[in-house]
Every structure is written in C-alpha cells, then in structure tokens.
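Coordinates in review
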Amino acid sequence: MCGIVGYIGKKQAAPILLDGLSKLEYRGYDSAGLAVRDGEKDPVVVKAKGRLKDLSDKTAEGTTVFGCCGIGHTRWATHGEPSENNAHPHVSDGMNVVGVHNGIIENYQELKAKMIRKGYSFYSDTDTEVAIKTVDYYYRKYGVGPIDALAKTMVRVRGSYALAVMFKDYPGEIFVARKDSPMIIGLGEDETYVASDVPAILKYTRKVYYIGNLEMARLSAGQVTFYNLDGDTVEKPLTEITWDAEAAEKGGYEHFMMKEIHEQPKAILDTINSVVRFADGTASDGRTVAGKASIDLSSVGLTDEEIRKFRQIHIVACGSAYHVGIAAQYVIEDLAGVPVRVELGSEFRYRTLLLDPDDLVVIISQSGETADSLAALRESKEKGVRTLAIVNVVGSSIAREADYVFYTMAGPEIAVATTKAYSAQLVSCYILGIQFGLVRGTLSQEKADRLIQELSTLPGKIARILEDKERLQWFASKLSPAHDIFFLGRGLDYAICMEGSLKMKEISYVHSEAYAGGELKHGTISLIEEGTPVIGVLTQKDLIEKTISNMVEVGSRGAYLMGLTTNGNFSIEDQADFTYYIPRTDEHFTPSLAVVPLQLLGYYVACARGLDVDKPRNLAKSVTVE
Ligand code: G6P
C-alpha cells in the first residue's frame, strides 16, 4: 500500500525520492508526489495521477526540482478518488507544514469539522490533509516545537499512521511520527533517509532504526533523535539489514513473480535449514541428505514444555497466508492431534473471543504489517494468550510484538501475488506440525525422522516441476479467454485450490472460485457450461475417487477439465482433457508441490492477457489499513 520515502543530506533529494519510490511500486499505488526544499525556500510540491513514471516525466527525472531535503509518496486511494489533488504531499496554508502519510485517520471527519470551525479550509478529500492541518493547528496555537505539535496531534488522532512532515521554520529537517504503520529510518554518511519499507533505501544504506509505535523522530543530515509521546528522548539500536540488494532486482526474469516462483526451492531450503539440525552437522543441499535430522525451535523461542501444554491452536491470517493456515490445519491436526481453528484476521478481531490461557494463537504474515493480523495479535495478547508469529520481514510489527517468532527465510518478495513467502510459510507449518507431534507423543521418532527427510526433498521436487513449465504455458493459452475458472478438491487439495484460485483471479482478472468437491452440488454446478474450465486437484489417495466423480459430473455438463495429480495416478487421464503430474511426496506435503503449477498457470494466463503481472490493479502487497 502507500509508500513513503524521505531524504536529507548533501545530494539532490528528488532523484533519490523517485528512485526510492520506484522500489515501493510493488506495494500498489495510483498516484504519486514529492515535496523538496532548497535551503530556507518553500518546498516545491509536484504530484501526478497514475504511474510514478508520470511524476518522473513531469520533473525530468527529478532534475527540475532542487534541494537536498524532501519527502515523496505513492498513494493507494482510501479517502477520495485517485487524483492529483488527493495525491500527497499535503500542505497547510503558506506551506507551513507539508507532509505525507500512510495509514488511515479514522476520526478524520470529526477532526475536519473541528478544523473548519477553527477557520481552516480543505482542498482535498483526504484524511491526510486533515492530519497535516491538525499538526499545523497545534503548532501555531501553542507556539510549540514540531515534536510537541506532533505529539498533541497523535493523542487526538485515531487510526494508523506513518507521517513524515517538513515545517517551514525548520529547513533541512524532517519530523516523523508512527502508529501501526511501518516506517524505518536509514542512516548514511552525513545523510538520513526515511521509508515505509526497506527496499526503498537499501541501495543507499543498510543501517536502519526501527521507530516504535507511538513514537516520533527528528531527522537532519546524518542525525536522528527519537521521542516518545511525552516528548522524552528515546534511545534506539542501529540495525544492519542483511538482505542482498540483488535479491530485490529481477535478475533476468521478465517479472518478479516468475523470479520468485523460481526462488521457492531456496526459500524452502533456507527455512528448513533455519530450524532443522542434521546429525552430521551439515545442512541439507536439498537433494541428498545424510544422517539423522532433528528440529530445534530454540530460535523461535518455543520449549518442549510449552508445546506440550497448548490446548488449542488458532491460526489467524489474511489472503494467501490464510490459505496456508487452512492447509496447516489439516497437517497439524493430523500429525500432532491438537485442535486447530483457522480464522481470517478481519473476522477474528470482531467477534467474541473464547480464548483459553492455554491456547496458542499463530499469526501468519509475510509482511508482518497486515493491519487485521496485527490487530488479532494484539487482541490475543491482551487476553493473555501466547502468540507465535510466522513472519518473513525481520523487525516488522508482528515479529516484534509476538511472544515467539518463526522467521520464514523467503527473502524480499516484491510481486504483489505471493509465491515464495507462501511456500516458506507452508513449510514452517509442516515443521511445527512434526515437532508438536513428536513432543506431544502423537508421532513416533521414526515417523518424524522420515517426515523431516521427506521435507528436505521438496526443493528438488519443485525444481523438477519448474523445468517442465512450458506444458503449463501451453495449457494457459487455452484458459486465457475464459470468463470463469473453477478449482475443485477435497481436504488438503481444497486448501491448494483456494490458493490456486486466488493466484488466478488476482493477476489474470479471470473470475475463479475454489470449491470443496462435496459442495459442488450445492451451487457451483449450475454455473458449468460448455467449455467452462474446471481444475481438479487430486493428491490425496483416499479422496481421489471422490474428486474424480465430481470431475465426471462437471465433465458431463461440458466442462473443460484439467487434472492436477501425483505421478502414477494415470487413471485421471480418462477424465481430464489435460493432466499435469507432480512428483510423489508424503501426502501432508503435497500442497508445496501442487501449488507451483497453479502459480504458473495464473502467471501464464495473466501474461497471455497482457496484464501487469507484478502489480495487479487495485491490489497492494501489504495491506496496512483495515
Ligand atoms: C495482500 C497480499 C497477499 C497477502 C495478504 C496478506 O493481500 O497481496 O499476497 O497474502 O496481503 O499479507 P501478509 O503480509 O500478512 O502475508
């Protein structure tokens, strides 16, 4: 969602802001803008609706806007349509306060009415303009400094925000405030950066501060001071980002999504190696594993004693991470015998929570910043329930606030449609299932050993699927004119269908639905017409015949059928127009293999339709507002 970049130093700010914003494009946006100050002069504000390229063209790649201090923003419309007028930065009269904002000010109408009573007028529909004018109001009314004015605003504002603001009276400085919206501060040689996400500044510095919730900071070239709401200064550790900057580039692939699909073997292997210890002391190379292996969750912070005590697990997540939860439910219940309930973050937070102090809430989130997942985590903690985060982004809010953290090792994921983070999350859940099973006595050591060995074969098996992707490209060309595509499966196959269907619709804009096979007769079958594509997922031995029956039912009504199954299940070919085989593995782990062809299908259908695969319309990578 919206992106923020700010710079103060000796270089010209505008090209740095544009470059940083381009690294945040993947988050989703519909307009962009920047404000740059040259010494004590008023800031120059330039905005453009549409792509960042339009802003870049308007400013001749930033070269027509002078000054070494500035803030930039990509906006994803929430309050008010995407337009130049609503784009950030927003300004108060006389450019007294100029700022950009990520998040949502929930009580903006109430604040706006108050500001109108105080004589302010408004030129946009945004909550951000209200926030900026509220800061201006407190700044002028009390004659206080910027930090006090921000603090006074923060206690009156409800909602979430990452705010970066320049004050007319403070040239060469940027003031920031944060609540529930990500923001980091980067330090270079006599220069300071602010950004809503690491990739924006990675090219310039690896040294960052994480600003805490309800905190503010005053930035000047090479200097940062942090404050709490009382205006007292706060000390922060400087952290080194260890990401490879290369990892955030396309590396020869046409799209980030394809690159990230190909990074899945590594993401899975790295995630396994972060918690699995091999007896001979060497890590798995993904193909040959020697010696016994054991799971060590000490980096997560979970002890065997704690694992034994949990009464129930609640998995809470959004989007694809929720689909991981659905698959994990089948796996963990089967391996560890613990009841698992899976809920959407947006639903969990608004119902009566019957949580027991002996329950464990597992939050799954790539970004670690999804507003609903974060709120669910906080609600659970307030109720005294222990929380485990499965998170990809180090230092993210969910990672910082959870009691236990299992980091997925997927590296930076740029394409909006998640692939490698999803796969790494799945594997983390398998590992939890095995370890919970072993510790709680539902799995024998022998079975656990076998499962761990099998886990380490997944990267190699995914690599084999990727070698055979052209067949899927061919089939995708048949699907691309479709209006609707249905995915059918039962049990774990249904969980895979949910993710396959989401991948298809979010990037190709073809309507699709995932159905539990048994539900077909309760509605969907009426939508089947001559030529409607239906993709059956059949990886679970005991359920294959059931799903084949469903395929026959839709086939006899004209459906165009694909069967996705494991090697050896040749009978599917009798029913399907196109059959795709994945390598054999333990049935608990088939989602990791079966999802790959479905990701590729979504990708190829989107490409065949000429769409912007990495940045699908209306979507954001990280949904930091409710
Ligand atoms: C957005 C992304 C999805 C992601 C979901 C949850 O919708 O586009 O790919 O699955 O948010 O995000 P999280 O960062 O919490 O995993």
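Everything in this summary refers to the structure shown in the same document. Remember, it's a predicted structure, so these values are computed and weren't measured experimentally.

Observations concerning the nonpolar core
Core analysis: the largest hydrophobic core is formed by 98 residues, its most contacted members being Leu-297, Leu-302, Ile-431, Ile-434, Phe-436 and Leu-601. Of the residues forming this core, the biggest block, eleven residues, is contributed by helix α19 (residues 590-608). Formed jointly, this core draws a minimum of three residues from each of two domains, domain 2 (256-456) and domain 3 (465-611). In this view, Leu-302 contacts Leu-297, Ile-307, Phe-310, Leu-388, Tyr-404, Leu-432 and Phe-436; residues no more than four positions away in its chain are not counted. In this structure, Tyr-139, Ala-149, Tyr-161 and Leu-163 belong to the second largest nonpolar core, which totals 29 residues.

Details of the sheet that holds strand β19 (residues 340-344)
Read across the open sheet, the five strands follow the order β19-β18-β20-β21-β22; overall the sheet is parallel. The sheet is open, and its two edges are formed by β19 and β22 (404-407), each paired on a single side. Each strand of the sheet is rotated relative to its neighbour by a mean of 20 degrees, with strand direction disregarded. As defined by bridge partners, strand β18 (residues 313-317) adjoins strand β20 (residues 360-365) across five bridges and the pair is classed as parallel. Its bridge partner lying in β20, Ala-317 is registered against Ile-364. Contacts from helix α9 (residues 319-336) reach β18, β19 and β20 within the one sheet, and its direction differs from that of β19 by about 175 degrees. Where helix α13 (residues 420-440) meets the sheet, its contacts fall on β18, β20, β21 (386-391) and β22, and the angle it forms with β21 comes to roughly 140 degrees.

Some points on the site of the ligand
Around the ligand, the structure places 13 residues, and the nearest of them are Ser-320, Ser-365, Gln-366, Ser-367 and Thr-370. Interatomic distance of 2.7 Å between a backbone N/O atom of Gln-366 and an oxygen atom of the ligand. Between the ligand and the protein, one listed contact pairs an oxygen atom with a side-chain N or O atom of Thr-370 at 2.5 Å. Protein chains shield 89% of the accessible area of the ligand, which is 390 Å² for the free molecule. The element best represented in the shell around the ligand is α9, accounting for three residues. In terms of residue class, the shell around the ligand is built from five nonpolar, seven polar and one charged.

Conventions and cut-offs
- Residues numbered from 1 in each chain as written.
- Predicted model: local features only at pLDDT ≥ 70, side-chain atom pairs only at ≥ 80, totals over all residues.
- Heavy atoms only, no water.
- Core = buried A, V, L, I, M, F, W, Y, C linked by side-chain atoms within 4.5 Å.
- Buried < 20%, exposed > 50% of the residue type's maximum accessible area, 1.4 Å probe, protein only.
- Helix = DSSP H or I, 4+ residues; strand = E, 2+ residues; numbered from the N terminus.
- Domains from an automatic or database assignment.
- Contact = heavy atoms within 4.5 Å.
- Pairing = 2+ DSSP bridges.
- Axes fitted to C-alpha atoms, helices over the stretch in contact; angles between N-to-C directions.
- Near = heavy atom within 4 Å.
- Polar contact = N/O pair within 3.5 Å; in protein donor to acceptor, adjacent residues only side chain to side chain.
- Areas by Shrake-Rupley, 256 points an atom, 1.4 Å probe, with all protein chains shown as cover.
- Nonpolar A, V, L, I, M, F, W, Y, C, P; charged D, E, K, R; others polar.

So far we have only geometry, and geometry alone does not tell us how the molecule works.
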